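Below are the chains, spelled out letter by letter.
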Amino acid sequence: MKKTAITWLVSGAFAVSVCGQTQIPIPPAVEGTTFDLAIQHGTSEIFPGIQTQTIGYNGAQLGTTLILQKGQTVTLNVHNQLGDTTTTHWHGLHLAPKNDGSPHTPIMAGETWSPSFEVMDNAATYWYHPHLHGKTLKQVVRGAAGFIIVRDAEEAALALPRTYGVDDVPLVFQWKTFDAAKQIVELDEQDNEVLVNGVLRGGTLNLPAQVVRLRLLNGSSHRYFDFGFANSLAFKQIGGDGGLLDAPVSMTKLVLAPGERAEILVDLSGKEGQNLTLRQFGTQLPQGYPGGAMMMGGGSMMGVLDNTDFDLMKIAVAAPTAGAVTTIPAALTVNTPYPQAGAASRTFGLTAQPMMSMDNFFINGAKFDMETVNFTTELGKTEVWTLTNSTMMAHPFHVHGLSFYVVSVNGAAPPANMKGWKDVVTVPPMTGSVKIALRFDDFADPDMPYMYHCHILSHEDAGMMGQFLVTSPASATGEAAPNSVCPICINSLPMPSGVDFSKVVRAEVFDLAGRLVRVHEKGNLGGSPLDVSGLPTGTYLMKMSDATGKTVAVQRFFKK
Ligand code: C2O
Ligand code: CU
Ligand code: CU
């Protein structure tokens, strides 16, 4: 972003003079029921006069904020203009596995993926990002990520700030590594800079002198934040990953793990003309939390900014707006944790080999395997999962497709700000343990799993991930009978209905990493069916196109 041409959505009404300082841009937002997101390459002027290669949705980096209404059915058209396979995952949303955008639903280069689903989530801040197995880090670290704001009637009835970009502002904080040419290093954990909404730390955000709401997202690949104001100003957390807290929780420091969100209210009433500084307090992160002091101590710090405190951004307080919110509600919602009586239990041991390894991680002794379903549970069941950590560092554990309640952290009740619905929870290092309660409501699928993983993206890519099926007696019978047969594709493959297969002249088979493994052309091979013998057992995608190269259908299949 150029300092002179800022994507700045705030009205001119409270523009203040901030000569020479970078304004923190606010991503454009769209509301409605049909959304288009084009994931694409671009360049961003993060350092003055230098173009950095980035990836964004509908822009050079980050993405359009999607504002969704609970209860509405939405269609999200993701256009893959990356020239590489990708996926887009709706992090935190409660939806069917086939709509989740996990590694099981790759979008091939040039294709559009259009999941459609009912928004069932509570008003809160969610996000979206690529999730291709083995390439999540590579694509996310270059900037592909956007906010999802869900609104609902319960939240709408509260006197909370909610004018987007004015008194309700999304802020994504991202550690990144830049090389000497100021390009983003994809597979490096040094993390020598921090961006706030895509601009270098130290930028300025104008906010009105009233109660303001900040939606904080740690969109980093590896490191934690410990947020606080330079003058120790207290603020109130009102919401976590998946919804409101029972009541605002007053605090002066807030730790956020990669993938985790928090909504905070800051009372700027009467502060017009003042400046506030939001800082990272790395020295106060618990030991073993990436970004703080490492467990072993000594000279083995990995990042130049680890275990240090520094300014993240300035808030320049301007005049209040008309209709300003000036008080903070005392009560917000009622969270009712699932009853644990009769809940099944499962354990997940997070380990490293050797124990102090920084890059060789396992869950229950295994690395992720795309073709292995780690367990199967049933629709409607409640489970309590015990997550234990025998490594030297904290791991943020994330579950797809639902939110959970934190039951305990190291044996104690969770702090008040962790008592709402969450989808990322930190498992503390060195024998740390966390219990969470989950319930598998609404969506069963006999063959498409949900994922769980460490949200440190290099750990996830390296296999600190697993997957599970939610089944129901109704879904166990499988899909409806095949509708039609593609003449040049696999004989027995059930194909989607309503597709004109007479047009298919070319079938391409891709593995789930997006590699082309078979091509079959009608011209060369007549009507003979596609030969998949010789392919390793696993899940594949077959893309069928017509004579003009247009895609006729994409079908997922399992090769036994
Ligand atoms: Cu934010 Cu599996 O992801
Ligand atoms: Cu997720
Ligand atoms: Cu991890």
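Analysis parameters
Residues numbered from 1 in each chain as written. Chains lettered and ligands numbered in written order. Predicted model: local features only at pLDDT ≥ 70, side-chain atom pairs only at ≥ 80, totals over all residues. Heavy atoms only, no water. Donors = N, O, S within 2.8 Å, 3.2 Å for Na, K, Ca; no water. Buried < 20%, exposed > 50% of the residue type's maximum accessible area, 1.4 Å probe, protein only. Helix = DSSP H or I, 4+ residues; strand = E, 2+ residues; numbered from the N terminus. 1 Å grid on protein atoms, 1.4 Å probe; cavity = no way out; pocket = protein on both sides within 12 Å on 5 of 7 lines; lining within 4 Å. Points joined across faces, edges and corners; volume = space filled by probe spheres on them. Nonpolar A, V, L, I, M, F, W, Y, C, P; charged D, E, K, R; others polar. Pairing = 2+ DSSP bridges. Axes fitted to C-alpha atoms, helices over the stretch in contact; angles between N-to-C directions. Contact = heavy atoms within 4.5 Å. Polar contact = N/O pair within 3.5 Å; in protein donor to acceptor, adjacent residues only side chain to side chain. Phe/Tyr/Trp six-rings, centres within 6.5 Å; stacked < 30°, edge-to-face > 60°. Lys NZ or Arg CZ within 6 Å of the ring centre and 35° of its normal. Salt bridge = Lys/Arg side-chain N within 4 Å of Asp/Glu carboxyl O.

Coordination of the copper ion (ligand 3) by the protein comes from H395 (ND1), C454 (SG) and H459 (ND1), over a distance range of 2.0 to 2.1 Å. All donors to the copper ion (ligand 3) come from one chain, and their sequence spacing reads H-x58-C-x4-H. Residue class for C454 comes out buried when judged on its relative accessible area of 2%.

Taken together, the protein ligands of the copper ion (ligand 2) are H89 (NE2) and H398 (NE2), with distances of 1.9 Å. In this pair, H89 sits in strand β7 (residues 89-91) while H398 sits in strand β28 (residues 395-399), placing the two residues 309 residues apart along the sequence. Each member of the pair, H89 together with H398, is buried.

With that settled, consider empty space enclosed by the protein. Evaluated as defined, the whole model comprises one cavity of 30 Å³ or more. Roughly 40 Å³ of volume is contained in the largest cavity. Taken together, the elements giving at least two residues each to the lining of the largest cavity come down to β4 (62-63) and β11 (146-151). Grouping the amino acids of the lining of the largest cavity by side-chain chemistry returns six nonpolar, two polar and no charged.

Turning to the sheet that holds strand β36 (residues 538-545), a few remarks are in order. One open sheet accounts for four strands, arranged β35-β34-β36-β37; its pairing is antiparallel. In this open sheet, the two edge strands, each paired with only one partner strand, are β35 (516-521) and β37 (551-559). On average, adjacent strands in this sheet sit at an angle of 20° to one another, irrespective of strand direction. Bridge count between strand β34 (residues 506-511) and β35: five bridges; the pairing is antiparallel.

This part covers the environment of T43. Secondary-structure assignment places T43 in strand β2 (residues 34-47). The sequence separation of T43 and F468 amounts to 425 residues, and the corresponding C-alpha distance is 38 Å. Beyond its immediate stretch of four places on either side in the chain, T43 contacts Q51, T52, Q53, T54 and A60. One polar contact links T43 to Q51, side chain to side chain, over a distance of 3.1 Å.

Once that is clear, we can look at the packing of aromatic side chains. Going through the model one piece at a time under the given rule, you end up with 28 aromatic pairs. Note on W90 and W113: the rings are 6.2 Å apart at their centroids and 10° apart in plane angle, and the pair reads as stacked. A residue pair is termed long-range when its members are at least 10 positions apart, and W90 in strand β7 and W113 in strand β8 (residues 112-113) qualify at 23 residues. The residues W90 and W113 share a single accessibility class, namely buried. Ring centres 6.4 Å apart and planes at 35° place the aromatic pair W385 and F440 in the tilted group. Of the two residues, W385 sits in strand β27 (residues 382-389) while F440 sits in the loop between β31 (432-439) and β32 (450-454), which places them 55 residues apart along the sequence. Given a relative accessible area of 0%, W385 falls into the buried group. Residue classification places F440 among the buried positions, given a relative accessible area of 2%. By the ring-pair criterion, three or more aromatic residues cluster together here, those being F348, F375, W385, F397, F440, Y450, Y452 and F468. Sitting over the ring of F281, R279 keeps its end group 5.8 Å from the ring centre.

Judged from the seven bridges that link them, strand β24 (residues 344-352) and β27 form a sheet pairing that is parallel. Residue T347 lies in a different strand from β27, and its bridge partner there is T386. Alignment of β24 against strand β25 (residues 361-363), held across three bridges, turns out to be antiparallel. When the bridges of β25 are listed, A352 appears paired with F361.

With that settled, the discussion passes to the pattern of salt bridges. By the definition in use, this model includes 23 salt bridges. The partner of R213 in a salt bridge is E263, with the nearest N and O atoms 2.8 Å apart. Of this pair, R213 sits in strand β16 (residues 211-218) while E263 sits in strand β21 (residues 261-267); the two residues are 50 residues apart in sequence, bridging distant segments of the chain. Each of the two residues, R213 as well as E263, counts as buried.

A few words now on the side chain of H104. In this structure, H104 sits in the loop between β7 and β8. Within the structure, the side chain of H104 is placed 2.6 Å from the side chain of Q467, a separation counted as a polar contact. Contacts of H104, omitting those with residues within four sequence positions, involve M370, M448, P449, M451, Q467, L512 and R556.

We now examine unusual backbone geometry. For S232, which is not glycine, the phi dihedral falls at a positive 60°. Relative to the elements of secondary structure, S232 occurs in the loop between β17 (225-229) and β18 (235-240). When its relative accessible area of 48% is taken as the criterion, S232 is described as partly exposed. Of note in the backbone geometry, N364 takes a positive phi value of approximately 50° without being a glycine.

Turning our attention to the environment of S403. Mapped onto the elements, S403 comes out in the loop between β28 and β29 (405-409). Judged by its relative accessible area of 7%, S403 falls in the buried class. With 160 residues separating them in the primary sequence, S403 and G243 have C-alpha atoms 9.2 Å apart. Excluding residues that lie within four positions of it along the chain, S403 makes contacts with G92, G242, Y338, W421 and K422.

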